[in-house]
Structures are given as C-alpha cells and as structure tokens.
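Take a look at the letters that make up each chain.
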Amino acid sequence: MGGMHGMGPIEYEANEPVFHAPWEGRVFAMNIATRVGRRWNIDAGRHQIEQIRAADYLRMSYYEKWLKRLEEKLIKTDSVTREEIETGTPTLGSPKSMPALTADKVPSVIRTGGLASRDVPVAPRFRVGQRVRARNINPTGHTRLPRYARGKTGVIDRDHGIYVFPDTNAHFLGENPQHVYSVRFAARELWGDQASSRDAVYIDMWDDYLESF
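What you see is a predicted model; the values in this text were computed from it and never measured.

Q: I'd love a proper account of the pattern of salt bridges, names of residues and values included.
A: Per the counting criterion, the structure on display carries nine salt bridges. The salt bridge partner of Arg82 is Glu72, with a shortest N-O separation of 3.2 Å. Of the two residues, Arg82 is situated in helix H5 (residues 82–87) and Glu72 in helix H4 (residues 62–76); the sequence distance between them amounts to 10 residues. A relative accessible area of 41% places Arg82 in the partly exposed class. Residue Glu72 is classed as buried on the basis of its relative accessible area, which comes to 13%.

Q: Outline the nonpolar core, supporting the account with residue identities and numerical values.
A: By size, the foremost hydrophobic cluster in this structure holds 18 residues, and its most contacted members are Ile156, Val183, Phe185, Met205 and Leu210. Of all the elements in the fold, those that place two or more residues in this core are strand S1 (131–134), strand S3 (178–186) and strand S4 (200–206). It is S3 that contributes the most residues to this core, four residues altogether. Look past the residues within four positions of Met205 in its chain and what remains in contact with it is Ala134, Leu145, Pro146, Ala149, His179, Val180, Tyr181, Val183, Phe185 and Leu210. The next biggest cluster of nonpolar side chains, apart from the first, holds six residues, and it includes Ile52, Met60, Tyr63 and Trp66.

Q: How would you sum up the packing of aromatic side chains? Please name residues and give values.
A: Within the structure shown, the criterion is met by 10 aromatic pairs. Seen in terms of ring centroids, Phe19 and Tyr63 are 5.6 Å apart; in terms of plane orientation they differ by 55 degrees. Their pairing is tilted. Pair noted here: Phe19 is in the segment before helix H1 (22–33) and Tyr63 is in helix H4, with a separation of 44 residues, a long-range link. Its relative accessible area of 31% is what places Phe19 among the partly exposed residues. Here the aromatic rings of Tyr63 and Trp66 are separated by 5.2 Å at their centres, their planes lie at 65 degrees, and the arrangement is edge-to-face. Residue Tyr63 and its partner Trp66 are both found in helix H4; the two are separated by three residues, about one turn of the helix. Cluster of aromatic residues (ring-pair linked, three or more members): Phe19, Phe28, Tyr62, Tyr63 and Trp66. Above the plane of the ring of Tyr57 lies Lys65, whose end atom (NZ or CZ) is 4.4 Å from the centre.

Rules of the game
Residues numbered from 1 in each chain as written. Predicted model: local features only at pLDDT ≥ 70, side-chain atom pairs only at ≥ 80, totals over all residues. Heavy atoms only, no water. Salt bridge = Lys/Arg side-chain N within 4 Å of Asp/Glu carboxyl O. Helix = DSSP H or I, 4+ residues; strand = E, 2+ residues; numbered from the N terminus. Buried < 20%, exposed > 50% of the residue type's maximum accessible area, 1.4 Å probe, protein only. Core = buried A, V, L, I, M, F, W, Y, C linked by side-chain atoms within 4.5 Å. Contact = heavy atoms within 4.5 Å. Phe/Tyr/Trp six-rings, centres within 6.5 Å; stacked < 30°, edge-to-face > 60°. Lys NZ or Arg CZ within 6 Å of the ring centre and 35° of its normal.

Structure follows, in structure tokens:
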C-alpha cells in the first residue's frame, strides 16, 4: 500500500499454506502458463494490479488480484475476448496466439522465469557508504519507490548490479537498465521518534529514485 495510513495492522497467519483453496493454485498456474507468450512483462503485470478499482482492490484476496490482472492483460493483448472469459467458450475459429505450456516445460519456466538483470556497461551514480535522499516524486504510472521513503535520507549499503528499470518497462518505454542499491534507512527517519533507535529498513532502489545529499 506504499505506506498509507489507516489500513489496520498486518495480519499474520501462522502455518499459512501455499494455497488456501485449489482455485488459487490454478490461478498461479495460469499466470505461469502465459509467460510463454511473453506478451507483457512483470512490471506491466504489477501495474495492471495497481489499476484495479480501490473498492475492489481492498476487498480482493491476493490471488483474486492475480486473476483480475490476468484477465485484463489477456484482453488488452487480444489473446482472448471478454466474452470468451465470461462464457468459458472460445470463439469459433479464433487463433491460438500463445503456444501451449506442456507439463514437461513447467520446471524450466518456473526455474528460469524472466531475469531482470542486464550485463551492460552502465556506470553507477552512487557508491557504497554514500548518503543519499530518496526523491519525492508522485508518478501517475508504475513505480517501486515506496511512498513512505520519499524525501527520506539513507546510506547506500550495497550495489546489487544493473537491472531493468520498472517505471519505464511497465509502460513499454524501454528497459532503461541502471544500478540497483540496497539503501539503509534508520527506522526513526521513516517513522519518527516512536520507532526504535536500533531498527533500520533496507530498501532496493534504482539510480533514478535517488539524489545526492
């Protein structure tokens, strides 16, 4: 929720199962199967979930959001029609636009996934140990810069290497690969004096999320 207040405590479920019901496993499987076509990327998929109406988002369970995301992306990429989803019946003569994911291919698809790291020559803008500030931006599109960290100062703890930039990749505006850092924020910097002076939060941040301080 990006640090929004008033949403209540985080509920912890002891011994939580991987799936609470069989249909959740099927939704997971369908999302894995549609990776084969590569008609959208993981950042576009995340952004699609962010576009769910607020009232629906708050009432939906985790895998309900996944199902809604999958339906909308399939429709937007002309993979299926809304009528086909609602009826469960393919339109006569409709093309099969995605190759079938057979059982023998499943382990490989899950194991390899879609790597976001890139082996390209991009110079880092910051160095380990450097004090930085998270930019105070409010983009209308997708971002992975948490709201609670915007405008806050921290220290570069490590450089993870070069990765696809989600803010552009989600909108098919290019991968814009850049360095990602683990940035250490003191808990009191984020939450105020009520937080413990011994605690810290480590957040992975791209070059474009940070500025020198």
